[in-house]
Amino acid sequence: MSGRLAHKVAIITGAGSGIGLESSILFAQEGASVVLADINLAAADKAAALISARFPNAQTLVYKADVAVEKDIKEMVDATVAKFGRLDVMFNNAGIMHPQDDNAITTEESVWDLTMNINVKGVWWGCKYAILAMRNNPTDASRGLHTGGSIINVASFVALLGAATPQLAYTASKGAVLAMTRELAMVHAREGIRLNSLCPGPLKTPLLMDFLNTPEKRDRRMVHIPMGRFGEAVEQARAALFLATDDSSYMTGTDFKVDGGISACYVTPL
Ligand code: NAD
């Protein structure tokens, strides 16, 4: 452990897979006490077992929570503070990409509502209860602990760029995450609570790979990626770690892009 999050407490939603899993491992490695929250309890349990096998001194708490349900998030934050005494980092990472999410004509209202409830309302609840907890964080200057904290909300490169392979509800939900994060960052800037969005590019995680389930679908996207490959979840986890630590202490309200260059590209290299 090199201790970039020593003495700090972090909640990671969607901790059972992809970005959330890699971030849980990395945050624990850096000394944080980590709350592994997921709607899939078995996946979160597996993540906790993996962490304790690799870092026997790591402190973890597994929590089954549906981020779309306010009560779940309130109780999860309460349980975190009850166990660890504070909350320094809230990583609102959980999100879905519904297989029936399509264009304006074909997308069902139920798909829209489910996507918005998880991807947008879930981030709102996460911010709300994290802000309330972070205001009450005890200070201990000798350990680098202060009131306030860092909230990281996962958006997506599709919040910045249009795609002719539509997923209307998903794209709209991630645009909402960017706008909401920016505004909350301004409202809470003088309380020492930083809020930033992470905008991942397309990744080799179940969320995208289950959707891009043919070589044709993958090739249709690959041609637009300047670096010529899908990203790895751990590459997002490293960015989340940066936003979580005091290394990013003068950053708030940013759209932090970790996207293999997609959002900067007109023509990709041959
Ligand atoms: P993933 O599918 O690998 O993991 C998501 C995790 O979230 C799962 O463990 C799942 O059980 C959990 N989850 C789903 N709904 C939940 C809910 N209602 N409450 C609590 N937990 C829930 O996904 P990933 O690729 O790691 O994606 C993580 C985040 O990154 C998402 O917000 C996603 O939209 C975003 N993102 C992903 C990509 C990509 O290409 N994979 C690109 C841009 C943004």
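Residues numbered from 1 in each chain as written. Predicted model: local features only at pLDDT ≥ 70, side-chain atom pairs only at ≥ 80, totals over all residues.

- Going by an unreviewed UniProt entry, the protein chain carries the name Short-chain dehydrogenase and comes from Serendipita vermifera MAFF 305830.

1. So, the site of the ligand
- Neighbouring the ligand are 30 residues; Gly14, Gly18, Gly95, Thr205 and Leu207 lie closest to it.
- When its residues are assigned to classes, the shell around the ligand shows 17 nonpolar, eleven polar and two charged. (Near = placed C-beta within 6 Å. Nonpolar A, V, L, I, M, F, W, Y, C, P; charged D, E, K, R; others polar.)

2. Some remarks on the packing of helix H1 (residues 18-29) against helix H2 (residues 41-54)
- Look at H1 against H2: their axes get within 10 Å of each other, and the N-to-C directions meet at 30°. Taken together, the axes of H1 and H2 are roughly parallel relative to one another. Seen from above, H1 lies across H2 with right-handed handedness. On H2, the residues that touch Leu21, Ser24, Ile25 and Ala28 of H1 are Ala47, Leu50 and Ile51. (Axes fitted to C-alpha atoms, helices over the stretch in contact; angles between N-to-C directions. Helix = DSSP H or I, 4+ residues; strand = E, 2+ residues; numbered from the N terminus. Parallel < 35°, antiparallel > 145°, perpendicular 65-115°, else oblique. Left-handed = near helix turned anticlockwise from the far one by under 90°. Contact = placed C-beta atoms within 7 Å.)

3. Focus on H1
- Over its twelve residues, H1 runs 17 Å from end to end, which matches the ideal 16 Å to within 8%, given 1.5 Å per residue.
- Among the twelve residues in H1, eleven count as buried, and that is most of the element.
- Two residues or fewer past H1, Gly31 is found with a positive phi of approximately 100°. (Expected span 1.5 Å × (residues − 1). Buried ≥ 20, exposed ≤ 12 C-beta atoms within 10 Å, placed from the backbone.)

4. So, the pairing of strand E3 (residues 60-64)
- Bridge count for strand E2 (residues 33-38) against E3 is five bridges, and the pairing is parallel. The residue bridging Ala37 from the neighbouring strand is Tyr63, located in E3.
- Assessed by its sense of winding, the connection that carries the chain from E2 through H2 to E3 is right-handed. (Pairing = 2+ DSSP bridges. Right-handed = clockwise from strand over helix to strand, strands pointing away.)

5. Brief notes about helix H8 (residues 233-244)
- Look at H8: 16 Å from first C-alpha to last across twelve residues, which is about the 16 Å you get at 1.5 Å a residue.
- Listed in full, the buried residues belonging to H8 are Gln236, Ala237, Ala239, Ala240, Leu241, Leu243 and Ala244.
- Buried positions along H8 lie against strand E1 (9-13), H1, strand E4 (89-92), strand E5 (149-154), strand E6 (193-200) and strand E7 (255-258).

6. Quick look at the environment of Ser249
- Positionally, Ser249 belongs in the loop between H8 and E7.
- For Ser249, a count of 10 C-beta atoms within 10 Å corresponds to the exposed category.
- Along the backbone, Ser249 and Val69 are 180 residues apart, and their C-alpha atoms lie at a distance of 31 Å.

7. Examining unusual backbone geometry
- A positive phi angle, close to 70°, is found at His7, a residue other than glycine.
- Mapping His7 onto the fold places it in the segment before E1.
- On the basis of neighbour counts, which here come to 16 C-beta atoms within 10 Å, the residue His7 falls in the partly exposed class.

8. Describing the sheet that holds E7
- A sheet is described by the order of its strands in space; here seven strands give the open sequence E3-E2-E1-E4-E5-E6-E7, paired in parallel fashion. Each of the sheet's edge strands pairs with one partner strand only, and the pair in question is E3 and E7. For this sheet, the mean inter-axis angle between neighbouring strands, taken without regard to orientation, is 20°.
- As paired strands, E1 and E4 are joined by three bridges and run parallel to one another. When the sheet's bridge partners are listed, Ile11 is paired in E4 with Met90.

9. A word on the nonpolar core
- With 71 residues, the main nonpolar core has Ala10, Ile12, Phe27, Leu36, Ala37 and Ala130 as its most contacted residues.
- If you tally residues by element for this core, the top one is helix H4 (residues 109-135), at eleven residues.
- Among all residues touching Ala10, those that are not within four sequence positions of it are Leu5, Phe27, Ala32, Val34, Val35, Asp88, Val89, Phe91 and Ala244. (Core = buried A, V, L, I, M, F, W, Y, C linked by C-beta atoms within 7 Å.)

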